[in-house]
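Structure assessment
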Amino acid sequence: MKDAELKAFLDEKVDRYNQPGFIELDPISIPHAFTKPQDIEIAGLFAAVLAWGQRVTIVRKCQELLGLMDNDPHQFILHHRPRDLKALETFKHRTFNATDTLYFVEFLKWFYQKHSSLEEAFVVDPAAKTIEGGLIHFHDLFFSLDDYPHRTRKHISTPERKSTCKRLSMYLRWMVRDDHKGVDFGLWKNISPAQLVCPCDLHVDRVGRRLKLIRRKQTDWQTALELTANLSRLDPSDPVKYDFALFGLGIEEGRSRRGG
């Protein structure tokens, strides 16, 4: 398929999925329950990190966690008392457990006592081609506290470990893209949409390979960069908008395979 044909095909899919109807069943519905920027950042971070498994379960577990924070995450993070943390000890989603939850809260309290926005944790050179440096900076900052639990490292990925960083790349898409379609938030202004990297989950990877947007055999950080570079041929200013198209096509395929 030629680039012009592929662009027309994928643009139509973007228009179908990049609209508010997409939100309800997706983890992005979690930060959409808030209006305060810091609440959106915190809820979005948890929703992205916990985006593992069935979407219905992800949404339910995120709602459970934020309910334990009185659905006021920024205030809870900054002003909780030790006794308030007891409720968080019951939280678990797959391999994310109370140890991880409590460290996330500890880091976020430390960070928000010094900064007004989590954007400041993702430092990206304006001249950089991608967000790679920002992801590395966030990972290193996140684990800069003296008492971080080693087990929590598996929940914050970094390109330095060759991870696709799909959850954090998705989170950055939510925070950075600003197309006024009502899905992504566009809260952060110091990262350009052109620097974003496409989240490379199973659906996106499968469809990307079928469309020959991915030729690399393995799936790792370089694969995510390859996919994004090929999407940049279609829209250099906003390549990651095609995440909607590739993910949506993957969901459609899954339904057709189940006969639904």
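Before reading on, note that the structure itself is shown above.
Here we summarise the structure given alongside this text. (Residues numbered from 1 in each chain as written. Predicted model: local features only at pLDDT ≥ 70, side-chain atom pairs only at ≥ 80, totals over all residues. Heavy atoms only, no water.)

1. Notes on the overall build of the protein
Assigned secondary structure in the protein consists of 10 helices and zero strands. The helix and strand sequence of the protein, counted from the amino end, reads α-α-α-α-α-α-α-α-α-α. Taking 260 residues into account, the globule formula puts the C-alpha radius of gyration at 18 Å, and the protein, at 18 Å, falls close to it. Summarising its shape, the C-alpha atoms of the protein cover approximately 60 × 45 × 35 Å along the three principal directions. Buried residues in the protein amount to 53% of all 260 residues. Here the analysis covers contacts within the protein between residues at least 6 apart in sequence; of these, 66% occur between residues at least 24 apart. For the protein, the exposed area adds up to about 12,200 Å²; of that, 52% sits on carbon and sulfur atoms. Treating the 39 positive side-chain charges of the protein as one cloud and the 36 negative ones as another, the clouds have centres 6 Å apart. (Helix = DSSP H or I, 4+ residues; strand = E, 2+ residues; numbered from the N terminus. Rg over C-alpha atoms; globule rule 2.2 N^0.38 Å. Buried < 20%, exposed > 50% of the residue type's maximum accessible area, 1.4 Å probe, protein only. Contact = heavy atoms within 4.5 Å. Areas by Shrake-Rupley, 256 points an atom, 1.4 Å probe, with all protein chains shown as cover. Lys, Arg positive; Asp, Glu negative; His and termini not counted. Charge placed at Lys NZ, Arg CZ, Asp CG, Glu CD.)

2. Description of the layout of surface pockets
Over the atoms rolls a probe the size of a water molecule, and its path tells where empty space is left. Space inside the largest pocket adds up to approximately 630 Å³. Along the wall of the largest pocket there are 25 residues; nearest its centre are Gly53, Arg55, Asp201, His203 and Phe247. Breaking the lining of the largest pocket down by element, the ones donating at least two residues are α3 (55-68), α7 (166-176), α8 (202-210) and α10 (242-258). Ranked by the residues each element gives to the lining of the largest pocket, the list is headed by α7, at five residues. (1 Å grid on protein atoms, 1.4 Å probe; cavity = no way out; pocket = protein on both sides within 12 Å on 5 of 7 lines; lining within 4 Å. Points joined across faces, edges and corners; volume = space filled by probe spheres on them.)

3. So, helix α9 (residues 221-232)
For α9, which comprises 12 residues, the first-to-last C-alpha distance of 16 Å matches the rise-based estimate of 16 Å (1.5 Å per residue) to within 8%. Restricting attention to buried positions, one finds in α9 the residues Trp221, Thr223, Ala224, Leu225, Leu227, Thr228, Asn230 and Leu231. (Expected span 1.5 Å × (residues − 1).)

4. Concerning the environment of Pro37
Summarising the element assignment, Pro37 is placed in helix α2 (residues 37-49). Taking the relative accessible area as the measure of exposure, Pro37 reaches 39% and is therefore partly exposed. For the pair Pro37 and Leu50, spaced 13 residues apart in sequence, the C-alpha separation works out to 20 Å.

5. Looking at α2
End to end, α2 covers 18 Å across 13 residues, agreeing with the expected 18 Å (1.5 Å per residue, within 8%). In terms of burial, α2 is a largely internal element, 12 of the 13 residues being buried. Along α2, the residues that are buried comprise Gln38, Asp39, Ile40, Glu41, Ile42, Ala43, Gly44, Leu45, Phe46, Ala47, Ala48 and Val49. Among the structural elements, α3, α4 (73-79), α5 (98-112), α6 (132-142) and α7 are those in contact with the buried residues of α2.

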